[in-house]
Amino acid sequence: DLGFNIGDSRTPIIPLRVNDTHLALTFSRRLFEAGIAIPAIRPPTVSKGQSRLRMTVMATHTQVEIACLIQTLKEIGCALKII
C-alpha cells in the first residue's frame, strides 16, 4: 500500500525492487543503521537495473516488529524518493 514494488511474491521472501544498485545499497545501509537487517541484492546476482532488497519474514517476527519495519521502510523510502 505504500507504493513499493514487491512483485507478486507469495513466499516469506519478499523482494523490494529498487533497480538502482547505489540506491539499494544506501537503503540497506540506512535500514541497518535503524536496527533492521535487509540485504541489498545487486549484480551479478541479479541483472543490471534489477537491484532489490531481500526481506525475509519469519513466524517469530511480532506484529510490533512488522509495524516498525513498515514505518521504517516508509520513512527511508520517502527520504530516498523511492516511494
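These figures come from a predicted structure and were not determined experimentally.

Draft legend 1. Just unusual backbone geometry, in detail. Cis geometry marks the peptide bond from Pro-43 to Pro-44, where omega comes out at 15°. Topologically, Pro-44 is positioned in the loop between β2 (40–41) and β3 (51–56). Look at Asn-19: it is not a glycine, yet its phi comes out positive at around 75°. With respect to the secondary-structure elements, Asn-19 resides in strand β1 (residues 13–19). Look at Lys-81: it is not a glycine, yet its phi comes out positive at around 60°.

Draft legend 2. Broad picture of a nonpolar patch on the surface. Residues Leu-2, Ile-70 and Ile-83 make up a contiguous nonpolar surface patch of roughly 210 Å² in combined accessible area. Here Leu-2 is to be found in the segment before β1.

Draft legend 3. Spotlight on the sheet that holds β1. If you trace the 3 strands from one edge of the open sheet to the other, you get β1-β3-β2, paired in antiparallel fashion. Of all the strands in the sheet, just β1 and β2 have a single pairing partner and so form its edges. Across 6 bridges, the pairing between β1 and β3 is antiparallel. Bridge pairing in β3 links Arg-17 to Arg-52. Running at roughly 30° to β3, helix α1 (residues 21–33) makes contact with β1, β2 and β3 of the sheet.

Rules used throughout
- Residues numbered from 1 in each chain as written.
- Predicted model: local features only at pLDDT ≥ 70, side-chain atom pairs only at ≥ 80, totals over all residues.
- Heavy atoms only, no water.
- Helix = DSSP H or I, 4+ residues; strand = E, 2+ residues; numbered from the N terminus.
- Patch = residues over 30% accessible without salt bridge, like charges linked within 9 Å, V, L, I, M, F, W, Y side chains within 5 Å.
- Areas by Shrake-Rupley, 256 points an atom, 1.4 Å probe, with all protein chains shown as cover.
- Salt bridge = Lys/Arg side-chain N within 4 Å of Asp/Glu carboxyl O.
- Pairing = 2+ DSSP bridges.
- Contact = heavy atoms within 4.5 Å.
- Axes fitted to C-alpha atoms, helices over the stretch in contact; angles between N-to-C directions.

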